[in-house]
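# Structure at a glance
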Amino acid sequence: MNLLEEGSGWSGQRNLAGRSEATAGGGGAADGSEPLSQPGRGGCGSSSTQKGSRPGPGGACLRSRKEHSFITMHLLSLRSICIFLLSQVLLVLGIQEIHVDPEMISKISAAGKLMKCSASLDVLFLLDGSYSIGKGSFERSKHFAGKLCDALDIHPDRVRVGMIQFSSTPHLEFPLDSYLTKQEVKERIKRTVFRGGTTETGRALKYILRKGFSGGRNSSVPEVLIIISDGRSQDSLVMPAVQLKERHITVFAMGIKFPRWEELHVLASEPPEQHVLFAGDADDAANGLYSTLTGSVCSITAPACKVESHPCERRTLETVKELTGNYVCWKGSKQPNAVQASLCPFIRWKRVLIKHPSRCFRTVCPDPCDSQPCQNGGTCVPEGLDRYHCLCLVGYGGDFHCAAKLSLECGVDLLFLVDSSAGVTLEGFLRYKAFLKRFLQAVMGQDSPVNVGVAQFDDDVRVPIELGQHKDMFSLMKRIDALNFGGGRTLTGRALQYIAQHGFRSTPVFADVQDDLPRMVVLLTDSKSQDSVAEAPKYMKDQNLFLIGVGSSLMRAELTKVTGNPQHTIVYSDPQDLFNRISELQRKICSVDNAEGCQAQSLDLVFAVDASSRVGLENFLHLRHFVRSSCLHFTINRDVTQIALVIYGSKAHTVFALTTHTSNSAVLQAIDQVPFLGDSASAGNALLHIYGDVMTVQRGVRPGVNKVVVLLTNGGGLEDAAAPAQQLRHNGILVFVVVIGDAQRDMLLRVAGSPNYLVHISSYEDLQNYQGFIIERICEEAKNPVNPCKPNPCMNQGVCILGPGSYRCECHGWEGPHCESRVLRGDSPRSPVLPPHSHVQWSPRGLQHFSRAFQHTRRHLDQRH
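Residues numbered from 1 in each chain as written. Predicted model: local features only at pLDDT ≥ 70, side-chain atom pairs only at ≥ 80, totals over all residues. Heavy atoms only, no water.

## Some details on the overall build of the protein
The criterion, for reference: Where helices and strands are cited, they refer to DSSP runs of H or I of at least four residues and of E of at least two residues respectively, numbered from the N terminus. Buried means the residue's accessible area, taken with a 1.4 Å probe over protein chains only, is under 20% of the maximum for its type, while exposed means over 50%, and partly exposed covers the values in between. Two residues qualify as a contact provided that any one of their heavy atoms is within 4.5 Å of a heavy atom in the partner residue. The Shrake-Rupley method, run with a 1.4 Å probe sphere, supplies the accessible areas, and residue values consider only the shown protein chains as cover.
The number of helices and strands found in the protein is 22 helices and 30 strands. Taking all 865 residues of the protein together, the buried fraction comes to 52%. Look at the contacts in the protein between residues 6 or more apart in sequence, and 72% of them connect residues 24 or more apart. Here the protein displays about 38,900 Å² of accessible surface, and carbon together with sulfur accounts for 51% of that area.

## Side note on the sheet that holds strand β7 (residues 170-174)
What counts here: Pairing between two strands requires that DSSP report at least two bridges joining them. Every angle, taken between N-to-C directions, lies between 0 and 180 degrees, and every axis is a line fitted to C-alpha atoms, over only the stretch in contact when it is a helix.
In space, the six strands of this open sheet follow the order β7-β6-β5-β8-β9-β10, with mixed pairing throughout. At either end of the open sheet lies a strand with only one pairing partner, and these are β7 and β10 (276-278). Sheet twist, expressed as the mean angle between neighbouring strand axes with direction ignored, is 25 degrees. Examined bridge by bridge, strand β9 (residues 250-255) and β10 share three bridges and lie parallel to one another. For M254, the partnering residue across the bridge sits in β10 and is L277.

## Brief notes about the packing of aromatic side chains
The condition is simple: Only Phe, Tyr and Trp rings take part, Trp by its six-membered ring, and two of them pair if their centres are within 6.5 Å. Stacked means planes under 30 degrees apart, edge-to-face means over 60, and tilted covers everything else.
Considering all chains together, one arrives at eleven aromatic pairs under this definition. Ring geometry for F429 against F485: centres 5.8 Å apart, planes inclined by 50 degrees, an arrangement best described as tilted. Separated by 56 residues along the polypeptide, F429 in helix α10 (residues 425-443) and F485 in the loop between α11 (473-481) and α12 (492-502) bring together distant segments of the chain. Residue class for F429 comes out buried when judged on its relative accessible area of 1%.

## As for the pairing of strand β5 (residues 121-128)
Counted only if it meets this: Orient the strands so they point away from the viewer, and a crossover whose first-strand-to-second-strand path over the helix runs clockwise is right-handed.
Within β5, eight of the eight residues are buried, leaving the element largely enclosed by the surrounding structure. Here β5 shows no split at all, with L121, V123, F125 and L127 on one side and D122, L124, L126 and D128 on the other all buried. The pairing of β5 with strand β6 (residues 159-166) spans eight bridges and is parallel. Opposite F125, over in β6, you have M163 as the bridge partner. Note that the unit made of β5, helix α3 (residues 134-150) and β6 has a crossover that is right-handed. Of the strand pairs in this sheet, β5 and strand β8 (residues 223-229) are connected by six bridges, and their pairing is parallel. Looking across to β8, one finds that F125 is bridged to I226.

## Observations concerning helix α19 (residues 722-730)
In plain terms, the rule: Starting at the helix axis, one direction is taken to each C-beta atom, and the arc is that of these directions.
Buried residues of α19: P724, A725 and L728, and no others. Summarising the axial view, the buried residues of α19 lie within an arc of 105 degrees, below the 170-degree limit, and thus occupy one face. Seen from the buried face of α19, the exposed residues on the opposite side, beyond 90 degrees, are A723 and H730. Residues of α19 that are buried sit in contact with α18 (683-693), β25 (733-740) and α20 (745-752).

## Description of a nonpolar patch on the surface
Heads up, the condition is: Like charges are joined within 9 Å and nonpolar side chains (Val, Leu, Ile, Met, Phe, Trp, Tyr) within 5 Å, but only among residues with over 30% relative accessible area and no salt bridge; these make up the patches. The salt bridge criterion pairs a side-chain nitrogen of Lys or Arg with a carboxyl oxygen of Asp or Glu, the two atoms within 4 Å.
Taken together, the side chains of V328, W330, V339 and L343 define a hydrophobic patch exposed on the protein surface, amounting to about 470 Å² of accessible area. Among the elements of the structure, β11 (306-332) and β12 (339-364) are those that each provide at least two residues to the nonpolar patch.

## Overview of the state of the cysteines
To be explicit about the condition: In this description, a disulfide is simply a cysteine sulfur pair whose atoms lie within 2.5 Å.
All told, the structure shown has six disulfides when counted by the stated rule. For C789, the disulfide goes to C800, at an S-S distance of 1.9 Å. On the sign convention where negative is left-handed, the bridge of C789 and C800, at about -70 degrees about the S-S bond, is left-handed. Within this pair, whereas C789 is found in the loop between α21 (771-782) and β27 (799-803), its partner C800 is found in strand β27, the two being separated by eleven residues in sequence.

## Remarks on unusual backbone geometry
Between E270 and the following residue, P271, the backbone shows a cis peptide bond with an omega angle of -10 degrees. Checked against the element boundaries, P271 lands in the loop between α7 (261-267) and α8 (272-275). Look at T425: it is not a glycine, yet its phi comes out positive at around 70 degrees. As for its placement among the helices and strands, T425 is situated in helix α10. Take T425: its relative accessible area is 40%, and that puts it in the partly exposed class. Backbone geometry places N796, a non-glycine residue, at a positive phi of 55 degrees. Here N796 lies in the loop between α21 and β27.

## Observations concerning α3
What counts, and what does not: By definition here, a helix of n residues has an expected span of 1.5 Å times n minus one.
For α3, built from 17 residues, the straight-helix expectation of 24 Å at 1.5 Å per residue is met to within 8% by its first-to-last C-alpha distance of 25 Å. Among the residues of α3, G134, G136, S137, F138, S141, K142, F144, A145, G146, L148 and C149 are the ones counted as buried. Buried residues along α3 sit in contact with β5, β6, α4 (182-190), β8, β9 and α9 (282-293).

## Things to note about the environment of H760
Put simply, the rule is: Pairs of N or O atoms within 3.5 Å make up the polar contacts considered here, provided that, within protein, one atom can donate a hydrogen while the other can accept it, and that residues adjacent in sequence are counted only when both atoms are side-chain atoms.
In this structure, H760 sits in strand β26 (residues 758-761). On the basis of relative accessibility, which here comes to 34%, the residue H760 falls in the partly exposed class. Spatially, the C-alpha atom of H760 lies 5.0 Å from that of V739, the residues being 21 residues apart in sequence. Only 2.5 Å separates the side chain of H760 from the backbone oxygen of G741, close enough to count as a polar contact.

Any functional reading would require information that these geometric values do not contain.
Shown next, in the form of structure tokens:
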């Protein structure tokens, strides 16, 4: 892969190792190979002039040399810029890449931090301190050596550590018996000073063969040599490398900077796949080294951990030369005042990224959160290898795994209307009885303020368990068991009318029933009605009853018609899924008359409203009213819900951003001022605008918070919306599409991505009836686990690294928790971990602390720029 072609012709060059590869103007290359360019002998390009020859017109050679010097200087400056840019490109590409999913990468990194070797072992670090490495990479080598020490149980009787630095000559930094604790060894490694010089790796190996492991235990324990180098030795190392292995010294070759992997393979023990690693990723390399030593020397970290083989690819940067052709050049002549034209070879050098496919052996430990033990949107936080705890959402936490707090603490008169017609079959009827028993056992305590009754219907309606008749659970369960299957026709409309008129009548049986309690009917049916249900919502409303419909997904449309509100329907995908809806039914019973939005669940919400001429002013006012009334269901502030509003025609306009308003009153006032645009519609432009200018960290998006876009449209201008909608979803932002009127369903599904995120409403007058359902769907999604790295919270092309319940930004040329400050000096940029107050687990309340810390970071950035 050719990344960059560098100077050609006359310019002198140095490779990445810092050694001269060619001299300007016909000199030999430093490695003895063909010079960079040889434009012939004589003239200004020649190092000497033949006897009797004379230069051209007066001062021509002098001027040519000055021009050549000027050009060379600028080429070298350009080369420096290119090398800097190239290094940035390579940082992005990565020198080593393991071909696994990001979750596995996180597990490898996490396992690397948990490893510890307590065996009797002598470890000697051999650090390349030559000019080819440079001071910056030498500091990274020291950092890597220190990280490896974290995995070693350093003690005089267990692991001993020593260090040699080599360049032109090897230098013993400290023997293996100098420092007796891990802290002492790490402090001494930090104090090691870069020496510089040529890269004489073979000489360093001979030094070890001659001197041995100074301060070690004379081969009475296993000896491990860890070489950290770029693999660009200037002397022969093959024989001393073989002799080291013959002495049963285990050799690990760790690449640094842009390593030459072929040389590292020569240095490393067999098999090289397990002994050649990349020191640039300390956690991964520590894992690889430990994985190789496990079994033979070190014991495994935990019984459940295992070494796995993964395909990987290593890369290095090489400089190659290329003959581009012959070009006319001028040579001197024996004749006075004459020059001779000739063809000279023209050579250029280019940088090529070489790929080396391989296998990487890494230890992976099971994450206690792999099984997703936290229910109902709870966040699992691992604590070591076998422990975890769950951060539960508001309303959950009934047990360790965030089970719903199911007790019906709201007072209600609750009547279940169970379908016992032939359409549900005997099996379905028995399933409804089991569901009733499980639900009531879960939600009703001894002092529960709920009065329960059960009715069933087919051709006729019967009330075998009258409201409030049974106060103790045992007698209620026994009475439910005694319910008999009917097997008649499915007359749902007639049943609802009867229950509305007679189900809650005041009779002597109901003498102790409190008349002021809300009255609710829960319809359980899985069979299409054989009579009209159109009047059912009117029956319920006339008697001030609330109705919740429960049925299979095939019943969704009829249940919505029966209840008059999609928010009041519960559908299940298969028979077993019915029992998973117990907590959902409990929530609806206690909140059906009190919609409260997402309560304390944090959310970043953007409304995108079609204000085009196709919608029209009157309908636009309907949309505006819908947005306004929807905002009443959310608690708007920096810590809970942030809301932004975008209107669009042919272009999109941000009415207010996520961080503009911090109270409900301010948002409502701003919505009242939203103007109608009236031109053509482009939903694609609106979604692109939201992707680039609204739903970004710089515009107030909070990492670790669910993000939702609600697109309100009449279906026009959606032709260009599918791709930007997919971009938003890929960035962790959910897109709900609410369409009023006729539109092509295929196009709508491409924009929404799934029928679950598409709401199709027949008229603008009906829009308000769907508000509760839309808000409920938004809030359901807001309970799902969040990837805090989407969208990327790191500024200035920083890379977000996901950790358990947190993240950190890896910066290049910038620093700060979110890469917001430019690095002014120093050898390399830092990649700091977020400070404790920003490094949080993603719970609703914990996000409040992060939100304030992140706002402070943004203000700090604004002040600097």
